[in-house]
Amino acid sequence: MRRSLGEPGPTRGITDRLGLPFVLRDLCRRRTPLELHLPETVLHGTIDRVGRDHCDVALHEPGSPRRESAVTAYRVVAIDRVALVRV
């Protein structure tokens, strides 16, 4: 079916864009310490960056703020592997 020039096309509302990457980006901006539950492990840290399909996590002790001196490692986590986010 063809659309005429004056007829609006399908639009994506904000609820279509809200998903786990959106939430992770907000937690990243706020520098919130969190737990990421993956099928094989639980990571404690702070999200440094969020892409379309992954996030970069700085690992540090649970409950402590992210300080460069406290970071023990960095992990790249595929977003589709995240089962639970606990703040």
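Structure: above.
Residues numbered from 1 in each chain as written. Predicted model: local features only at pLDDT ≥ 70, side-chain atom pairs only at ≥ 80, totals over all residues. Heavy atoms only, no water.

Draft legend 1. Main features of the overall build of the protein. Looking only at helices and strands, the protein has two helices and five strands in total. The helix and strand sequence of the protein, counted from the amino end, reads α-α-β-β-β-β-β. Put simply, the protein has 87 residues, and 31% of those count as buried. Considering only contacts within the protein whose residues lie at least 6 apart along the sequence, 43% involve residues at least 24 apart. Here the protein has roughly 6,400 Å² of accessible surface; of this, 53% comes from carbon and sulfur atoms. (Helix = DSSP H or I, 4+ residues; strand = E, 2+ residues; numbered from the N terminus. Buried < 20%, exposed > 50% of the residue type's maximum accessible area, 1.4 Å probe, protein only. Contact = heavy atoms within 4.5 Å. Areas by Shrake-Rupley, 256 points an atom, 1.4 Å probe, with all protein chains shown as cover.)

Draft legend 2. A look at a nonpolar patch on the surface. Where nonpolar side chains cluster on the molecular surface, the patch consists of Ile 14, Leu 18, Leu 20, Phe 22 and Val 23 and spans about 420 Å² of accessible area. Take the nonpolar patch: its biggest share by element is three residues, from helix H2 (residues 20-30). Tracing the backbone shows Leu 18 in the loop between helix H1 (14-17) and H2. (Patch = residues over 30% accessible without salt bridge, like charges linked within 9 Å, V, L, I, M, F, W, Y side chains within 5 Å. Salt bridge = Lys/Arg side-chain N within 4 Å of Asp/Glu carboxyl O.)

Draft legend 3. View of the environment of Val 77. Mapped onto the fold, Val 77 is located in strand E4 (residues 73-78). Residue Val 77 is classed as buried on the basis of its relative accessible area of 3%. When the C-alpha atoms of Val 77 and Asp 53 are compared, they prove to be 8.6 Å apart, with 24 residues separating the residues in sequence. Ignoring any residue separated from it by four or fewer positions in sequence, one finds Val 77 in contact with Leu 38, Leu 43, Asp 53, His 54, Cys 55, Val 57 and Val 82.

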